[in-house]
Structures are given as C-alpha cells and as structure tokens.
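# Close look at the chain arrangement
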Amino acid sequence: MAKLSTDELLEAFKDLTLIELSEFVKKFEETFDVTAAAPVAVAAAGGAAAAAPAEEEKDEFNVVLDAAGDKKIQVIKVVRELVSGLGLKEAKDLVEAAPKSVLEGVDKAAAEAAKTKLEEAGAKVSLS
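Definitions and limits used
Residues numbered from 1 in each chain as written. Predicted model: local features only at pLDDT ≥ 70, side-chain atom pairs only at ≥ 80, totals over all residues. Heavy atoms only, no water. UniProt positions renumbered as here; feature names shortened; annotations may be inferred. Axes fitted to C-alpha atoms, helices over the stretch in contact; angles between N-to-C directions. Helix = DSSP H or I, 4+ residues; strand = E, 2+ residues; numbered from the N terminus. Left-handed = near helix turned anticlockwise from the far one by under 90°. Contact = heavy atoms within 4.5 Å. Nonpolar A, V, L, I, M, F, W, Y, C, P; charged D, E, K, R; others polar.

- Under an unreviewed UniProt entry, the chain has the name Large ribosomal subunit protein bL12 and belongs to Pseudonocardia abyssalis.
- Per its UniProt entry, the chain bears the Sequence similarities (unreviewed entry) comment "Belongs to the bacterial ribosomal protein bL12 family."
- Quoted verbatim from the Function (unreviewed entry) field of UniProt, the annotation for the chain is "Forms part of the ribosomal stalk which helps the ribosome interact with GTP-bound translation factors. Is thus essential for accurate translation."

### So, the packing of helix α4 (residues 72–82) against helix α5 (residues 88–96)
- For the pair α4 and α5, the least separation of the axes is 9 Å and the interaxial angle reads 115°. The two elements α4 and α5 cross, and the hand of that crossing is right-handed. On α5, the residues touching Lys72, Val75, Ile76, Val79 and Arg80 of α4 are Leu88, Ala91, Lys92, Leu94, Val95 and Glu96.
- Of the residues contributing to the contact of α4 with α5, the split by class is 7 nonpolar, no polar and 4 charged.

### A closer look at the environment of Phe28
- Tracing the backbone through its elements, the reader meets Phe28 in helix α2 (residues 18–32).
- Setting aside residues no more than four positions away along its own chain, Phe28 makes contact with Asp33 and Val34.

Encoded structure:
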C-alpha cells in the first residue's frame, strides 16, 4: 500500500461525511488503542451548532466599523451618508470610537452595500 502524505490524508477526510469520519475515528481508536473522545465530542457539538444557524438565515444585520484605516476623512464622509441626520462632529466621534456599530437591524442588501462603501473608503468593517 502506498504511503499517503498529510495533505493527501486531509483531502481524503474532506470527502467523508461526519458519520463516515466518526466511524473512522472509532476504528482508529480500536486499532491503536487510543482515545480521542474529548476532541471528537467538541467537534461534533461544534458541527451541530454550526448547522443550526445555516438553516435559519438572519434577516437583520448590524454593520460594525472595526477600524477607520488610513483614510479617516473619507470614512467619516461615508458614515455621514449612511446615517441620516449625523453631523460632522458626531460622525467623527463615531469613527474614532471604533469598533462601533454604524447601522443596526438593516436587511442583508443594505448591510452589504454599507460594508462595501465603507471598505472602499478604507475602513475595516464586519457584519453581525
């Protein structure tokens, strides 16, 4: 039998389903008389938790300014465009207080558009 490299093994594991991978771990434990119970339990719990949000997609997002970047003036201008009624001082204070929420409870399209505008101005932005 040809010896597989670590990368080849990882590629093979990527093709397995969680059930197949679980069966492999059980056989591995039996063959080599070892226990991988804690990491497997954590991975299984994490996989179940990650699967649940995927089924129920969020419909409201918060646009969070993580950092203004090098072009703070352009970022302040974009923040003033995005948040209606915000004066120059308030926009500057918001940008300097990063990480700070710029928009809250907006739909996905508006959040993505705001994120794109802010990133084009040089800011670092995340959606939550």
